[in-house]
Amino acid sequence: PSYAAHPAFPGGGGVSANLGLIDMPKVEIFASKKPELIIVKGYHANFEGQYIVAGKLLELLAEMKVKKMIVTAGYGSKDKNICCAATSLELLSEMKEKYQVGTGYKGAFMGFSGLVFGLSKLEKIQSICLFAGTQPSQENLEDPDKEASEKIVEKLKELLDFQ
């Protein structure tokens, strides 16, 4: 969802209500032993508390002995190319040489995912972000871009050696 919590902007910043029940912003963690994988899903919409939540998440991942993290994101572009950013030049070289993914996006990486990605260096977790070029649906700006999503999934399968 959009991280913009202003009523004039689309998205799901803050608490959502549906038929009288509320749903709080949350971060969910799913873990698997085989394959050894941790998936983190969610966001934290309170700007004041984002650093605290991101820091706690990264502390937990470090305790779980996570050495490498892959973050996925989108950026506004008519083409659906995949590009990357990384926390080290070595990771950028590996992405370019081994997986044919270069840099390409230049600009802000906002929201909770960007914060977790940036702060991962403090916990010495090597991190890569895969960016997919995407164009929002004019009918609903929060609808996922299927083509961009599929390209990210294909690249993740290659990086993680999954079928």
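Everything below is about the structure printed above this text.
Just so it is clear, the structure is predicted and the values come from calculations on it, not from any experiment.

## Some words on the nonpolar core
Within the largest apolar cluster, 19 residues are counted, with the highest numbers of intra-cluster contacts made by L58, L61, M69 and V116. Elements with a contribution of two residues or more to this core: α1 (50-63), β5 (68-76), α3 (111-119) and β7 (126-134). The element contributing the most residues to this core is α3, with five residues. The contact partners of V116, leaving out residues within four places of it in the chain, are A54, L57, L58 and M69.

## Remarks on the sheet that holds β7
Hydrogen bonds between backbone atoms are what pair the strands of a sheet, whose relative direction is either parallel or antiparallel. One open sheet accounts for three strands, arranged β5-β7-β6; its pairing is mixed. Both outer strands of the open sheet, β5 and β6 (82-86), are each paired with one neighbouring strand and no more. Across the sheet, the mean angle separating the axes of adjacent strands is 25° when strand polarity is ignored. Sheet analysis places β6 next to β7, joined by five bridges and oriented antiparallel.

## Some words on a nonpolar patch on the surface
Nonpolar side chains collect at one region of the surface, where I29, V40, L60 and M64 lie side by side and expose about 270 Å² of accessible area between them. Mapped onto the fold, L60 is located in helix α1. Assessed through its relative accessible area of 32%, L60 is described here as partly exposed.

## Some details on the pattern of salt bridges
Taken as a whole and assessed by the stated rule, the structure comprises six salt bridges. For K146, the salt bridge is made with E150, and the minimal N-O distance between the two is 3.8 Å. Of the two residues, K146 and E150 are both situated in helix α4 (residues 146-160); the distance of four residues between them amounts to about one turn of the helix. A relative accessible area of 61% places K146 in the exposed class. E154 is the partner of K157 in a salt bridge, and the nearest nitrogen-oxygen pair spans 3.3 Å. One end of the pair is K157 and the other is E154, both in helix α4 and three residues apart, which spans about a single turn. The exposure class assigned to K157 is partly exposed, which follows from its relative accessible area of 30%. Judged by relative accessible area, which is 47%, E154 ranks as partly exposed.

## Things to note about the packing of aromatic side chains
Tallying each qualifying case throughout the model produces five aromatic pairs. Summarising the aromatic geometry, the rings of Y105 and F131 are spaced 5.0 Å apart at their centres and angled 40° between planes, so their arrangement reads as tilted. In this pair, Y105 sits in the loop between α2 (89-99) and α3 while F131 sits in strand β7, placing the two residues 26 residues apart along the sequence. Residue Y105 is classed as partly exposed on the basis of its relative accessible area of 27%. Here the aromatic cluster, defined as three or more aromatic residues joined through ring pairs, consists of Y75, Y105, F109, F117 and F131.

## Focus: the side chain of D145
Locating D145 in the fold gives a position in the loop between β7 and α4. Classification of D145 by relative accessible area gives buried; the value is 14%. For D145, the side chain forms a polar contact with the main-chain nitrogen of A148, separated by 3.1 Å. Once residues lying within four places of it in the same chain are set aside, the contact partners of D145 are K80, G133, T134 and Q135.

Procedures and definitions
Residues numbered from 1 in each chain as written. Predicted model: local features only at pLDDT ≥ 70, side-chain atom pairs only at ≥ 80, totals over all residues. Heavy atoms only, no water. Core = buried A, V, L, I, M, F, W, Y, C linked by side-chain atoms within 4.5 Å. Buried < 20%, exposed > 50% of the residue type's maximum accessible area, 1.4 Å probe, protein only. Helix = DSSP H or I, 4+ residues; strand = E, 2+ residues; numbered from the N terminus. Contact = heavy atoms within 4.5 Å. Pairing = 2+ DSSP bridges. Axes fitted to C-alpha atoms, helices over the stretch in contact; angles between N-to-C directions. Patch = residues over 30% accessible without salt bridge, like charges linked within 9 Å, V, L, I, M, F, W, Y side chains within 5 Å. Areas by Shrake-Rupley, 256 points an atom, 1.4 Å probe, with all protein chains shown as cover. Salt bridge = Lys/Arg side-chain N within 4 Å of Asp/Glu carboxyl O. Phe/Tyr/Trp six-rings, centres within 6.5 Å; stacked < 30°, edge-to-face > 60°. Polar contact = N/O pair within 3.5 Å; in protein donor to acceptor, adjacent residues only side chain to side chain.

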